Amino acid sequence: MSLSRPLSIGLMALIGAGLAFGASCSDTEDASSPGTGGSTAQGGGGGAANGVSVTFYVGESIWGDANHPPIAGATVAFDAPGGERTELTTGADGKVTFDGVDWSLGLGSVTAYGDGHAMYSVVGLDAARVASLRLIDGGVFLALPTLPGAVDTVTVSGTITGFQDAAHNAVVNVVGSMTGSEWSGASSGTFSVMVPSGVPFTLQALEMTQQPLASGQGYDMPVYQVSHHDFAATSSDVSGAVLDLSTSTLALQTADVSWTTPSRAESRVRAGFGVGLVCPWGSTACTGWSTHIDISAGGNQFDDSLLWVEPTWAETPTFFARVYDGNELISFRRSMGWPQGGFVGSLPDTPEWVTPSAGTHHPLHESLSWQLFDTGVPEVMLMMMKGATLAWVVSAGADATSLAVPELPSTVDSAALLGLAPRAYVVAGWPNDDLESPDAFGASKTVFLDP
């Protein structure tokens, strides 16, 4: 286990998991029908001449952001019941309308793509599911995850002083920002981190040690001091910075919590590596960590001693209970607010592949199937990754156990979007519309889909 893993995994890890749940929830923001209020960007629609109209709204999806501005110029491909495909382009309002849809002919699907975003599809559409989906401005919301863009950064380097014990280690990261890197090393080391260019920033410095436990599923990580150091905006590299751990030190808060694993004996979660984090929103780095965490003798519970600080800038503090298989996050649940101690909830189980087998290759558009071990799962999604970047999200709906990936829109280059064989996994999730992010999820192992 790397020294910094429990420290460095913050909110961005959820974005990396590609959890764009915004389009899959039943609460609506607009009471109007999805068949009204939309504009047909290219003048036509598909389906039977005397069917109904369906309007879609394509908007930005940024984790934790309740604003979903429209995306103009996005391609929307609608596979109508009966098999006819029609493609339209969104106007300035982010909407398109497909006319003459005859739901009596079967199921449909829709796929939306815009430059700078991951692609998003909803499959298994019928009249009932369309009626249950979230509306924005009278259109069924298609949430296009915004991909991280190039953010200007500069390098800040220097030394750390004020240790209680020179044998301890240190971690330095950027807090209160969604841009920044992390450094960890010995007390004698010279730190170097990337920070956002041209805006004020805050560096967090920790004095700590870490030791894996015999179980292989937890660790001891005493944290002795946490200090925050504010810096003025700079557009050029800074060297010679000094972070004194004994100054700007924040009060340390503690609590003991526990969280249970799935009851299924074969669940991957029961054999996973536990990590607890306390994270304010809007900060890539967290401000609280497990100082001792381990699995119970029976494998049914993680016991977690937390330590955290509460900086004045922190908003929407959240505790995250997470389990990893290697470096892959496979299950998590969150609890809003600063930790209070006690039981915080149960972790979801992970879906298991039926077709194909985990770790194998499978044609992109041939049917996929999996088994769920939790009941009442509100949203099941297939996530496709090109390297470390989210490429395509396919929403299959509540309690879904299979899907077929739609054809790509004609405007999308398969190799550019997906590469040669995107890795894919299934996520069973519990979305929270109010917070624009999931409350919990379980993720399957990876397969590879060959375009």
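Residues numbered from 1 in each chain as written. Predicted model: local features only at pLDDT ≥ 70, side-chain atom pairs only at ≥ 80, totals over all residues. Heavy atoms only, no water.

### Here we look at the overall build of the protein
Next up, step 1: When its secondary structure is counted, the protein shows four helices and 33 strands.
Next up, step 2: Here the protein, with 451 residues, has 54% of them falling under the buried criterion.
Next up, step 3: Counting only contacts in the protein whose residues sit at least 6 apart along the sequence, the fraction spanning at least 24 positions is 69%. (Helix = DSSP H or I, 4+ residues; strand = E, 2+ residues; numbered from the N terminus. Buried < 20%, exposed > 50% of the residue type's maximum accessible area, 1.4 Å probe, protein only. Contact = heavy atoms within 4.5 Å.)

### Considering the pattern of salt bridges
Next up, step 1: All told, the structure shown has six salt bridges when counted by the stated rule.
Next up, step 2: For D137, the salt bridge goes to K95, with nearest N and O atoms at 3.3 Å. Taken together, the residues D137 in the loop between β7 (135–136) and β8 (139–145) and K95 in strand β4 (residues 95–101) connect sequence positions 42 residues apart.
Next up, step 3: Here R334 and D439 are joined by a salt bridge, their closest N and O atoms 2.9 Å apart. (Salt bridge = Lys/Arg side-chain N within 4 Å of Asp/Glu carboxyl O.)

### Section: the side chain of D294
Next up, step 1: Relative to the helices and strands, D294 resides in strand β20 (residues 288–295).
Next up, step 2: At 2.4 Å, the side chain of D294 and the side chain of S215 are in polar contact. (Polar contact = N/O pair within 3.5 Å; in protein donor to acceptor, adjacent residues only side chain to side chain.)

### Section: the sheet that holds β4
Next up, step 1: Strand order across the open sheet formed by four strands is β4-β1-β8-β7, with mixed pairing between neighbours. The sheet is open, and its two borders are formed by β4 and β7, each paired with just one other strand.
Next up, step 2: Where strand β1 (residues 52–61) and β8 come together, six bridges link them in parallel fashion. Within β8, the residue paired with E60 across the bridge is L144. (Pairing = 2+ DSSP bridges.)

### Overview of the environment of G341
Next up, step 1: For G341, the location among the structural elements is in the loop between β23 (328–336) and β24 (342–346).
Next up, step 2: In the structure, G341 is positioned 35 residues away from L306 in sequence and 8.9 Å away in space, judged by C-alpha atoms.
Next up, step 3: Ignoring sequence-local partners within four residues, the contact set of G341 consists of A255, D256 and V257.

### Re the state of the cysteines
Next up, step 1: What the rule picks out here adds up to one disulfide.
Next up, step 2: Residue pairing for C279: its cysteine sulfur links by disulfide to C286, the two sulfurs lying 2.0 Å apart. Taking the torsion about the sulfur-sulfur bond, which here is approximately 80°, the covalent link between C279 and C286 counts as right-handed. In terms of burial, C279 and C286 fall into one category: buried. (Disulfide = S-S within 2.5 Å.)

### Details of the confidence of the model for the protein
Next up, step 1: Taken as a whole, the protein shows an average pLDDT of 89; of its residues, 87% reach a score of 70 or greater.
Next up, step 2: Low pLDDT, under 50, characterises residues 1–20; the predicted model gives this stretch 73 contacts beyond four residues in sequence or across chains.
Next up, step 3: In this model, residues 35–49 is a region of pLDDT below 50 whose contacts with residues beyond four sequence positions or in other chains number 40 contacts. (pLDDT = per-residue confidence, 0-100.)

### Concerning the environment of A72
Next up, step 1: Here A72 is to be found in the loop between β1 and β2 (75–79).
Next up, step 2: Given the relative accessible area of 53%, A72 is considered exposed.
Next up, step 3: Spatially, the C-alpha atoms of A72 and V58 are 8.1 Å apart, while their sequence positions differ by 14 residues.
Next up, step 4: Discounting residues that sit within four places of it in the chain, A72 has contacts with T90, G91 and A92.

### Comments concerning the nonpolar core
Next up, step 1: One finds F56, F78, L125, L142, W259 and W289 to be the most contacted residues of the largest nonpolar core, which totals 71 residues.
Next up, step 2: Residues contacting F56, with those up to four places away along its chain left out, are F78, G94, K95, V96, F98, V110, L125, G139, V140 and L142.
Next up, step 3: Among the nonpolar cores identified, the runner-up in size contains 28 residues, and M119, V377, L408 and V447 belong to it. (Core = buried A, V, L, I, M, F, W, Y, C linked by side-chain atoms within 4.5 Å.)

### As for the sheet that holds strand β30 (residues 402–403)
Next up, step 1: Within the open sheet, the three strands sit side by side as β25-β27-β30. Their pairing is antiparallel. Whereas interior strands pair on both sides, the edge strands pair on one side only; in this sheet they are β25 (352–355) and β30.

### Digging into the packing of aromatic side chains
Next up, step 1: A complete count under the given rule lists eleven aromatic pairs for this structure.
Next up, step 2: Measuring from ring centre to ring centre gives 5.0 Å for F201 and F231, while their planes differ by 0°; the resulting arrangement is stacked. Of this pair, F201 sits in strand β13 (residues 201–208) while F231 sits in strand β16 (residues 223–231); the two residues are 30 residues apart in sequence, bridging distant segments of the chain.
Next up, step 3: Looking at F201, the relative accessible area reads 6%, which means it is buried. (Phe/Tyr/Trp six-rings, centres within 6.5 Å; stacked < 30°, edge-to-face > 60°.)

### Things to note about the environment of G138
Next up, step 1: Looking at the element boundaries, G138 is found in the loop between β7 and β8.
Next up, step 2: By relative accessible area, which is 2% here, G138 ends up buried.
Next up, step 3: When the C-alpha positions of G138 and T55 are compared, they lie 7.3 Å apart, and in sequence the two are 83 residues distant.

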